[in-house]
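Residue-level structure breakdown
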Amino acid sequence: MNLGIGEIAIILFVALLFFGPSKLPELGKAAGTSLREFKKAVSGLMEEEEKENPKK
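For clarity, every value in this text was computed on a predicted model and none was experimentally measured.

What follows is about the overall build of the protein chain. Secondary structure assignment for the protein chain yields two helices and zero strands. A compact globule built from 56 residues should have a C-alpha radius of gyration of about 10 Å, whereas the protein chain, at 18 Å, is more than 25% larger. Dimensions of the protein chain, computed from C-alpha atoms along their principal axes, come out at roughly 55 × 25 × 10 Å. Split into buried and exposed, the 56 residues of the protein chain put 2% on the buried side.

In the structure shown here, the tally under the stated rule is two salt bridges. K23 is paired through a salt bridge with E26; the nearest N and O atoms lie 3.7 Å apart. Note that E37 and K40 form a salt bridge whose closest N and O atoms lie 3.8 Å from each other. Pair noted here: E37 and K40 are both in helix α2 (residues 24-52), with a separation of three residues, about one helical turn. Overall, E37 belongs to the partly exposed group, its relative accessible area being 45%.

Before going further, it helps to spend a moment on helix α1 (residues 5-19). Relative to the 21 Å expected for 15 residues at 1.5 Å per residue, α1 spans 21 Å between its end C-alpha atoms, a close match to the ideal helical length. Positioned one or two residues after α1, G20 has a phi angle of 90 degrees, which is positive.

Along the polypeptide, E7 turns up in helix α1. Sequence-wise, E7 and K39 are 32 residues apart; in three dimensions their C-alpha atoms are separated by 26 Å. Within polar-contact distance, the side chain of E7 engages the backbone nitrogen of G4 at 2.8 Å.

Parameters and conventions
- Residues numbered from 1 in each chain as written.
- Predicted model: local features only at pLDDT ≥ 70, side-chain atom pairs only at ≥ 80, totals over all residues.
- Heavy atoms only, no water.
- Helix = DSSP H or I, 4+ residues; strand = E, 2+ residues; numbered from the N terminus.
- Rg over C-alpha atoms; globule rule 2.2 N^0.38 Å.
- Buried < 20%, exposed > 50% of the residue type's maximum accessible area, 1.4 Å probe, protein only.
- Salt bridge = Lys/Arg side-chain N within 4 Å of Asp/Glu carboxyl O.
- Expected span 1.5 Å × (residues − 1).
- Polar contact = N/O pair within 3.5 Å; in protein donor to acceptor, adjacent residues only side chain to side chain.

In structure tokens:
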């Protein structure tokens, strides 16, 4: 998925129109927190899988 500067600007502009300037920081923070939790859960599952099936 290759997004250029123009596409990113259009997406941000539409988000600004849709949500308003006061909600965007809150949405960004929530998205960052969700992504961080998802990465933590995935890495935890990978660690459990490695413990159960060690490579020889």
